[in-house]
Amino acid sequence: MLSGGFLLGAGRHGQRSQGAPEEMTMRLTTLFGRTMREAPAEAEQIGHQLALRAGLARQLQAGSFALMPLGMLALRRIEAIMHDELARIGAQELRTPIIQSSDAWERTGRYADYGPLMLRVADRSGRRLLVAPTHEEAIADLARREISSYRQLPALVYQIHTKYRDELRTKGGLMRMREFTMLDAYSLDADTAGLDLAYRAVGAAFERILARCEVRSVAAEASAGEMGGSETVEYHVRSAAGEDQLLTCAACGHVANAEVSLADAGGRCARCGGALLAAQTIEIGHIFKLGTRYSDAIGARYQSAAGREQPIVMGSYGIGLERLLLAILEQHHDGAGIVWPREVAPLDLHLVPVGRGARARQAAEALYEDLLRAGARVLYDDRDEAAGVKLADADLIGLPTRLLLSERLAEAGQIEVRPRGGVARDVELERWRGAAV
Ligand SMILES: [Zn+2]
């Protein structure tokens, strides 16, 4: 559960009931942002359309989106899964600067290699700075300063932080953002055997993160690109609007990005000669065995047990959070809206009183206060809107459980409980409240 610092408001200032704990709860009348019946025409992907329609994100300029309060809540839950899974493999969180000096980048050669994809700036004294697109240089530089002995290895560090890549095309909405959030992890080892272990551990952690987000992904052989290194795997999700193409061998099951020369001259699998199936995908994660490219260039060395100076062996690992959010929406929706997987839903309960009568509203207010006190994560539709509007928004926003109170139900002491996408049933309000609270 997040601390009060992330509280999104139980009501307008001064409306909060005395003594209620600060919990992840909000009233729709005070929610910043609103839902939309139709997605803007430029939003082509269903996940992108849902993000805009449900009020999770808003585009402010080409390639840059604001995450709105509901989107931010979902992002925080994804982050919580990431922190949890990385803690399980002993990774430690740190944070490196976004604006970086060009020095280390010039030493690795990437200041030139990145070309126009890297946003370059100058400070007031004309020093060359850049907005970091990734952080291998910063981590190698930290390792150079902090690590001197084999006794300090292995190490595994990560951050969840903003990156910037000056992409030429920005048509892809949340899929192709210039400014985006990334989980980036870095392993530091004494030798390649250590790197192999870290690479497998982080790969397994990434697969658990994707599984807990209920995203079906495919691991594919990939090309290392400007990152360099010996071995690399990308995690992809299928999407008709994806920009990558994966080739899967029908015979041996090998999967590779079409950039990699999986196909031989005849368009068949280079490993076994089997037929290849192509699918459009979105890349959401990538793991690399970097080796010593960065530590050699930057001078990140340690003294071995035998007293020899050796370069630290590095790996780097990343997942794009907005792309992961997009993949969740692409894979979890129906014709009416989002169907959130339980562990990443912005909130758990959507409380909806309908009708003009006072009784349903009073019962809803009382239930809302109880749920607040019990620490439940509730979105409360306290608007004076028609039932149709409220129920359409509940389906669009797609929280796991909808609680409906009508005048008839309130009079009978009942509440309608409906799992999103499931079957509604009327239950005794007191019994349900007892179970939920
Ligand atoms: Zn094959």
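My aim in this report is to walk through the structure given alongside it, one point at a time. Starting afresh in each chain, residues are numbered from 1 along the sequence in its written order. Given that the model is predicted, a residue must reach a pLDDT of at least 70 before its local features are reported, and side-chain atom pairs must reach 80 or more before they are shown or counted; all residues, however, enter totals for whole chains, interfaces and linings. Neither water nor hydrogens contribute to the side-chain values; these are computed over all heavy atoms in the structure.

**Some remarks on the overall build of the protein chain**
Right, on to step 1. For the protein chain, the helix and strand inventory stands at 12 helices and 24 strands.
Right, on to step 2. Counting only C-alpha atoms and orienting by the principal axes, one finds that the protein chain spans roughly 80 × 55 × 45 Å.
Right, on to step 3. The classification of residues rests on relative accessible area computed with a 1.4 Å probe and restricted to protein chains. Under 20% of the type maximum is buried, over 50% is exposed, and intermediate values are partly exposed. Expressed as a percentage of its 437 residues, the buried residues of the protein chain come to 53%.
Right, on to step 4. The criterion used for residue contact is that any of the two residues' heavy atoms lie within 4.5 Å. Considering only intrachain contacts with a sequence separation of at least 6, the fraction spanning at least 24 residues in the protein chain is 68%.
Right, on to step 5. Each accessible area is a Shrake-Rupley estimate made with a 1.4 Å probe; only the visible protein chains count as cover when residues are assessed. Accessible area of the protein chain: about 19300 Å², with a carbon and sulfur share of 49%. Only DSSP runs of H or I reaching four residues or more are called helices, and only runs of E reaching two or more are called strands; each is numbered from the N terminus.

**Observations concerning the packing of aromatic side chains**
Right, on to step 1. Centres within 6.5 Å are what make two rings of Phe, Tyr or Trp a pair, Trp counting through its six-membered ring; a difference in plane orientation under 30 degrees is then read as stacked, over 60 as edge-to-face, and the rest as tilted. According to the stated counting rule, one finds 4 aromatic pairs in the structure shown.
Right, on to step 2. For the pair Phe-206 and Tyr-235, a centre-to-centre distance of 6.5 Å together with 65 degrees between the ring planes defines the contact as edge-to-face. Taken as a pair, Phe-206 in helix 6 (residues 192-212) and Tyr-235 in strand 11 (residues 231-238) lie far apart in primary sequence, 29 residues in all. The two residues Phe-206 and Tyr-235 agree in class, both being buried.

**Considerations on the coordination of the zinc ion**
Right, on to step 1. Taken together, the protein donors to the zinc ion comprise Cys-249 (SG), Cys-252 (SG), Cys-269 (SG) and Cys-272 (SG), at separations of 2.3 to 2.4 Å.
Right, on to step 2. Water is absent from the atoms considered, so a metal site may look incomplete; donors are defined as N, O and S atoms within 2.8 Å of the metal, or 3.2 Å for Na, K and Ca. Between 85 and 135 degrees for all angles marks four donors as tetrahedral; over 155 degrees for opposite donors together with 65 to 115 for all other angles marks four donors as square planar and six as octahedral; every other arrangement is irregular. One can describe the site at the zinc ion as tetrahedral: its 4 donor atoms subtend angles covering 97 to 115 degrees at the metal.
Right, on to step 3. Since its relative accessible area comes to 41%, Cys-272 is described here as partly exposed.

**Thoughts on empty space enclosed by the protein**
To locate leftover empty space, one rolls a probe as large as a water molecule over the atoms.
Right, on to step 1. The rule is simple: put a 1 Å grid over the protein atoms alone, call a set of points where a 1.4 Å probe fits but cannot get out a cavity, call an open set with protein on both sides within 12 Å along at least five of seven lines a pocket, and count a residue as lining if it has an atom within 4 Å of a point. Grid points are joined across faces, edges and corners, and a volume is the space filled by probe spheres set on the points. Counted under the stated rule, the structure contains 1 cavity of 30 Å³ or more.
Right, on to step 2. Lining the largest cavity, in full, are His-350, Ala-394, Asp-395, Leu-399, Thr-401, Arg-402, Arg-418 and Arg-420.
Right, on to step 3. Looking at the lining of the largest cavity, the elements with two or more residues in it are helix 10 (387-397) and strand 22 (401-405).
Right, on to step 4. Gly is put with the polar residues, along with every residue not named as nonpolar or charged; the nonpolar set is Ala, Val, Leu, Ile, Met, Phe, Trp, Tyr, Cys and Pro, and the charged set is Asp, Glu, Lys and Arg. By residue class, the composition of the lining of the largest cavity is 2 nonpolar, 2 polar and 4 charged.

**A closer look at the sheet that holds strand 7 (residues 128-131)**
Right, on to step 1. Read from one edge of the open sheet, 3 strands run 5-7-6, paired in antiparallel fashion. One side of each edge strand has no neighbouring strand; the edge strands of this open sheet are strand 5 (99-101) and strand 6 (119-122). Recorded for the sheet is a direction-independent mean angle of 40 degrees between the axes of neighbouring strands.
Right, on to step 2. With 3 bridges connecting them, strand 5 and strand 7 associate as antiparallel partners. Pairing between strands is defined by DSSP: at least two bridges between them are needed. For helices, the fitted axis covers only the stretch in contact; all axes are lines through C-alpha atoms, and the angles between them, taken along N-to-C directions, range from 0 to 180 degrees.

**As for the sheet that holds strand 20 (residues 349-353)**
Right, on to step 1. Read across the open sheet, the 6 strands follow the order 1-21-20-22-23-24; overall the sheet is mixed. Bordering the open sheet on either side are strand 1 (25-27) and strand 24 (425-428), each of which pairs with just one other strand. Within the sheet, the average angular offset between the axes of one strand and its neighbour, ignoring direction, is 25 degrees.
Right, on to step 2. Bridge analysis of strand 22 against strand 23 (residues 414-419) gives 4 bridges, and the strand direction is antiparallel. Following the sheet pairing, Leu-403 is matched in strand 23 by Val-417.
Right, on to step 3. Against the sheet, helix 9 (residues 358-374) makes contact with strand 1, strand 20, strand 21 (378-380), strand 22 and strand 23, and its axis sits at roughly 160 degrees relative to strand 20, the strand it touches most.

**Concerning helix 8 (residues 321-331)**
Right, on to step 1. With 10 of 11 residues buried, helix 8 lies mostly within the body of the structure.
Right, on to step 2. Within the sequence span of helix 8, burial applies to Leu-321, Glu-322, Leu-324, Leu-325, Leu-326, Ala-327, Ile-328, Leu-329, Glu-330 and Gln-331.

**Regarding unusual backbone geometry**
Right, on to step 1. With an omega dihedral of 0 degrees, the bond running from Leu-153 to Pro-154 counts as a cis peptide bond.
Right, on to step 2. Relative to the assigned elements, Pro-154 resides in the loop between helix 5 (136-146) and strand 8 (155-164).

**Things to note about the environment of Ala-62**
Right, on to step 1. Here Ala-62 is to be found in the loop between strand 2 (57-61) and strand 3 (64-67).
Right, on to step 2. In this structure, Ala-62 is in contact with Thr-170 and Arg-178, ignoring residues within four places of it in sequence.

**As for the nonpolar core**
Right, on to step 1. Core analysis: the biggest nonpolar cluster contains 64 residues, and Leu-183, Leu-324 and Trp-340 have the highest contact counts within it.
Right, on to step 2. No other element matches helix 2 (residues 69-88), which puts 8 residues into this core. Nonpolar cores were defined as sets of buried Ala, Val, Leu, Ile, Met, Phe, Trp, Tyr and Cys residues, with membership established by side-chain atoms within 4.5 Å.

**Examining the side chain of Gln-100**
Right, on to step 1. Inspection of the secondary structure assignment puts Gln-100 in strand 5.
Right, on to step 2. On the basis of relative accessibility, which here comes to 8%, the residue Gln-100 falls in the buried class.
Right, on to step 3. In this structure the side chain of Gln-100 is engaged in a polar contact, spanning 2.9 Å, whose partner is the side chain of Trp-105.
Right, on to step 4. Apart from residues lying up to four places away in sequence, Gln-100 is in contact with Trp-105, Arg-128, Leu-129, Leu-130, Ala-132, His-135 and Ala-138. Whenever two N or O atoms come within 3.5 Å, that pair is a polar contact, provided that in protein one can donate a hydrogen and the other can accept it, and provided that, for residues adjacent in sequence, both atoms are side-chain atoms.

**Re helix 10**
Right, on to step 1. When we look at burial in helix 10, the residues that qualify are Lys-390, Asp-393, Ala-394, Asp-395, Leu-396 and Ile-397.
Right, on to step 2. Directly beyond the C-terminal end of helix 10, a positive phi value near 75 degrees is found at Gly-398.

**So, the environment of Ala-251**
Right, on to step 1. Within the secondary structure, Ala-251 sits in the loop between strand 12 (244-249) and strand 13 (255-257).
Right, on to step 2. The spacing of Ala-251 and Arg-373 is 122 residues in sequence and 57 Å in space, taken between C-alpha atoms.
Right, on to step 3. Not counting residues within four places of it along the chain, the set of residues in contact with Ala-251 comprises Cys-272 and Gly-274.

None of this, on its own, says anything about what the molecule does.
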